[in-house]
Amino acid sequence: MERRKGWLTSGAFARLCGTTKETLRHYKNVGLLRPAHQGENGYFYYDAGQFYDFYAVTIFRQTGTSLEEIRRCLEGQDPAGTLALLREQRERLEAERKKLAQMEFVLSGAIRSLELGTAPDLTPRIAWFPKEYLLAIPVEDLEAAMPPGAGEEEMLIAVLERYRALCSQYGLETSHQLGAIHRPEETAGPGTISHLYTRIQEPAGCPYCLEKPAGNYLCLCCRGRWDISQGYAVLSQHVQREGLETAGSVYACDLAGFILNGVEKNAVSMISVLIAPRGR
């Protein structure tokens, strides 16, 4: 008798499992999944029930488990050992998921920033901005930690070190894209900064986290210059000329420096302020 009812050739079993005969041959050679039967003709056959063995191997492989670990687990049939291995792989996958989520957060933010940065220089426009979470450090806190006469480079170092410490303490993920918050009544530029900030994925209970609300923002880009004071003046003139009412703080952020090199001709910054609804 060449084969019995319910026996599957390697080709048929491969189709059932959505894999290839080469993969089955490899698993057989390494002792991971051997065919259940050998016919009188010398050919090997699988049982339909071995589909679940293959499924288990696939799950383990997708979590990065080595073939040797899988073989030991399947041969031992030890529920406690299997549970421990699955928990270990789940922790590893969770760490990988967080890493991928951080990469997606950074890449999506970089793409949006560079897209916003294609707007014409010093040209006010209204655009919808989604809600964002900011890790915002009061300037007073930073100045208190700085030695007298500290320069911009020392301030930047202090800001980055403070961000890193807070992210580590509260488990935050940041894009390291820098920005500044200005008090609503003071929009003249650097001398009126209340906070320095970077974007984060979620607040996670950190007392330095602020929420930038979603809404229609009046914004403009300043291209090819470090000094964006002219941008503040243009924005203020536009608000007065159009009779707009603004709400909340003014935000200034770097759109390109955190991802491109620090050459002034590549500099792109954006100033934005929330527009209050008409008739509020």
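I will try to describe carefully the structure that is included in this document. (Residues numbered from 1 in each chain as written. Predicted model: local features only at pLDDT ≥ 70, side-chain atom pairs only at ≥ 80, totals over all residues. Heavy atoms only, no water.)

Residues F129, I181, Y197, Y251, L255 and M270 are the most contacted members of the largest nonpolar core, which totals 20 residues. Elements supplying a minimum of two residues to this core: β4 (125–129), β5 (132–138), β9 (215–223), β10 (246–254) and β11 (268–275). (Core = buried A, V, L, I, M, F, W, Y, C linked by side-chain atoms within 4.5 Å. Buried < 20%, exposed > 50% of the residue type's maximum accessible area, 1.4 Å probe, protein only. Helix = DSSP H or I, 4+ residues; strand = E, 2+ residues; numbered from the N terminus.)

The strand order across the open sheet built from three strands is β1-β3-β2, with neighbouring strands paired in antiparallel fashion. Both outer strands of the open sheet, β1 (7–8) and β2 (37–38), are each paired with one neighbouring strand and no more. The pairing of β2 with strand β3 (residues 44–47) spans two bridges and is antiparallel. In the sheet register, H37 faces β3, and the bridge partner there is Y45. (Pairing = 2+ DSSP bridges.)

With that out of the way, let us pick up the environment of P147. Position of P147 relative to the elements: it lies in the loop between α6 (139–145) and α7 (152–170). Note: C-alpha distance between P147 and K28 (119 residues apart in sequence) is 69 Å.

Burial analysis of strand β7 (residues 193–200) places seven of its eight residues in the buried class, the great majority of the element. Bridge count between strand β6 (residues 174–182) and β7: six bridges; the pairing is antiparallel. Within β7, the position partnered with G179 by the bridge is Y197.

Before going further, it helps to examine the pattern of salt bridges. Once their charged atoms are close, side chains differing in charge can pair, the charge on each being opposite to the other. Scanning all chains against the criterion turns up six salt bridges. Across the salt bridge formed by R71 and E68, the nearest N and O atoms sit 2.1 Å from each other. Of this pair, R71 and E68 both sit in helix α4 (residues 67–76), separated by three residues, roughly a single helical turn. Relative accessible area serves as the criterion here: at 18%, R71 is assigned to the buried category. A salt bridge links R199 to E132, with the nearest nitrogen and oxygen atoms 3.4 Å apart. Taken together, the residues span a long stretch of sequence, with R199 in strand β7 and E132 in strand β5 at a distance of 67 residues. (Salt bridge = Lys/Arg side-chain N within 4 Å of Asp/Glu carboxyl O.)

Everything listed here is a matter of coordinates, which is why it stays silent on function.
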